[in-house]
Amino acid sequence: MIRTDTEFTPRVLLIEDDRAVREGVLLALSRQGHDVAAVGTGEDGLARLRSFRPDVVVLDLMLPGLSGLEVCRRIRTEDQVPIIMATARGDDTDRVVGLEAGADDYVVKPVQARVLEARIRAVLRRVGGAPTDGGIPKIEAHGENGELAIDRSGLAVTRQGVPVSLAPSELRLLLTLSASPGQVFFRQQLLEAVWEHSYHGDSRLVDACVKRLRTKMGERTGQPRYIQTVRGFGYRFRSR
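Residues numbered from 1 in each chain as written. Predicted model: local features only at pLDDT ≥ 70, side-chain atom pairs only at ≥ 80, totals over all residues. Heavy atoms only, no water.

J.: Help me out: how do you make sense of the pairing of strand 8 (residues 156-159) in this one?
T.: Consecutive side chains of a regular strand alternate in pointing toward one face of the sheet and then the other. When strand 8 meets strand 9 (residues 162-163), the two strands line up antiparallel, connected through two bridges. In the strand pairing of strand 9, R159 is matched with V162. What sits between the antiparallel neighbours strand 8 and strand 9 is a turn of two residues, in which Q160 has the positive phi angle 55°. (Pairing = 2+ DSSP bridges. Helix = DSSP H or I, 4+ residues; strand = E, 2+ residues; numbered from the N terminus.)

J.: How should the packing of helix 4 (residues 92-101) against helix 8 (residues 203-216) be read in this particular structure?
T.: Each pair of packed helices gets described by two things: the angle between the helix axes and the distance between those axes. Running from N to C, helix 4 and helix 8 point in directions that differ by 40°, and their axes come no closer than 8 Å. Along this stretch, helix 4 crosses helix 8, giving a crossing that reads as right-handed. Seen from helix 4, the contacting residues are D92, R95, V96, L99 and E100; seen from helix 8, they are R204, L205, A208, K211 and R212. Classifying every residue of the contact of helix 4 with helix 8 by side-chain character gives four nonpolar, no polar and six charged. (Axes fitted to C-alpha atoms, helices over the stretch in contact; angles between N-to-C directions. Left-handed = near helix turned anticlockwise from the far one by under 90°. Contact = heavy atoms within 4.5 Å. Nonpolar A, V, L, I, M, F, W, Y, C, P; charged D, E, K, R; others polar.)

J.: Quick question: what am I supposed to make of the packing of aromatic side chains here?
T.: By convention here, two paired aromatic rings are described through the distance between centres and the angle between planes. Counting across every chain of the model gives two aromatic pairs. Pairing Y226 with F237 gives two aromatic rings, centres 6.5 Å apart and planes at 20°, and the pair type is stacked. Placement of Y226 in the loop between helix 8 and strand 11 (227-230) and of F237 in strand 12 (residues 234-237) is noted, with a sequence separation of 11 residues between them. Exposure class is identical for Y226 and F237. Each is buried. (Phe/Tyr/Trp six-rings, centres within 6.5 Å; stacked < 30°, edge-to-face > 60°. Buried < 20%, exposed > 50% of the residue type's maximum accessible area, 1.4 Å probe, protein only.)

J.: I would appreciate a short explanation of the pattern of salt bridges in the present structure.
T.: Oppositely charged side chains may form a pair once their charged atoms are brought near each other. One pass over the full model with this rule turns up 14 salt bridges. Two residues, E170 and K216, come together in a salt bridge whose shortest N-O distance is 2.7 Å. Here the residue E170 occupies a position in helix 6 (residues 168-178), and K216 occupies one in helix 8, the gap between them amounting to 46 residues. Owing to a relative accessible area of 1%, E170 belongs among the buried residues under this scheme. Look at K216 and you get partly exposed, because its relative accessible area is 27%. Among the charged side chains, a salt-bridge network with shared partners connects E16, D60 and K109. (Salt bridge = Lys/Arg side-chain N within 4 Å of Asp/Glu carboxyl O.)

The following block contains the structure:
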């Protein structure tokens, strides 16, 4: 569970194979008050994940050996720690694949310290609580796949009584949508509410997160029951 108190020193696990980049980012994050562990391979990153127990993982997508994409997938099988991936400029396809594998956000290399710091702070706030505007304490949603229960105050989701493990961005997106069942949210609205991105062009974050959510909620491919696409606009949540 990520702590959000003011005395909290965030732990960041940096997985980056380029030594110069790794040392530069480590120095920048350390100066911002983060406790940073930096490693150069995916294998070392997975090992440090267990011993260091970070609050955020910054993951280079293009790692030698065990790729960043595979590292992301393996982390998601056992942990819902926020993952920010670093991608090369213009690698849109890899970026989407990485987001669909479970990353919460991304930064483009060469990484700017101020951008990375803003992303880290945003993802830490993302798991600090539920959206409050217009929220209702609990939603019971029913469909062909059984009951979906969303406990907003307890930040918990169950499907047919079984807990659904969600990454921070997935949980925040579901809480935002379910706060106003039936309301259509534009992608840009969701981008600002969940990821705190104020500029256009990152709708892939929303779409990839919706795809992961649908899978975890047992939605049928091409027949979403709970999170519905409103073509040309965005998404809405249906509880009935």
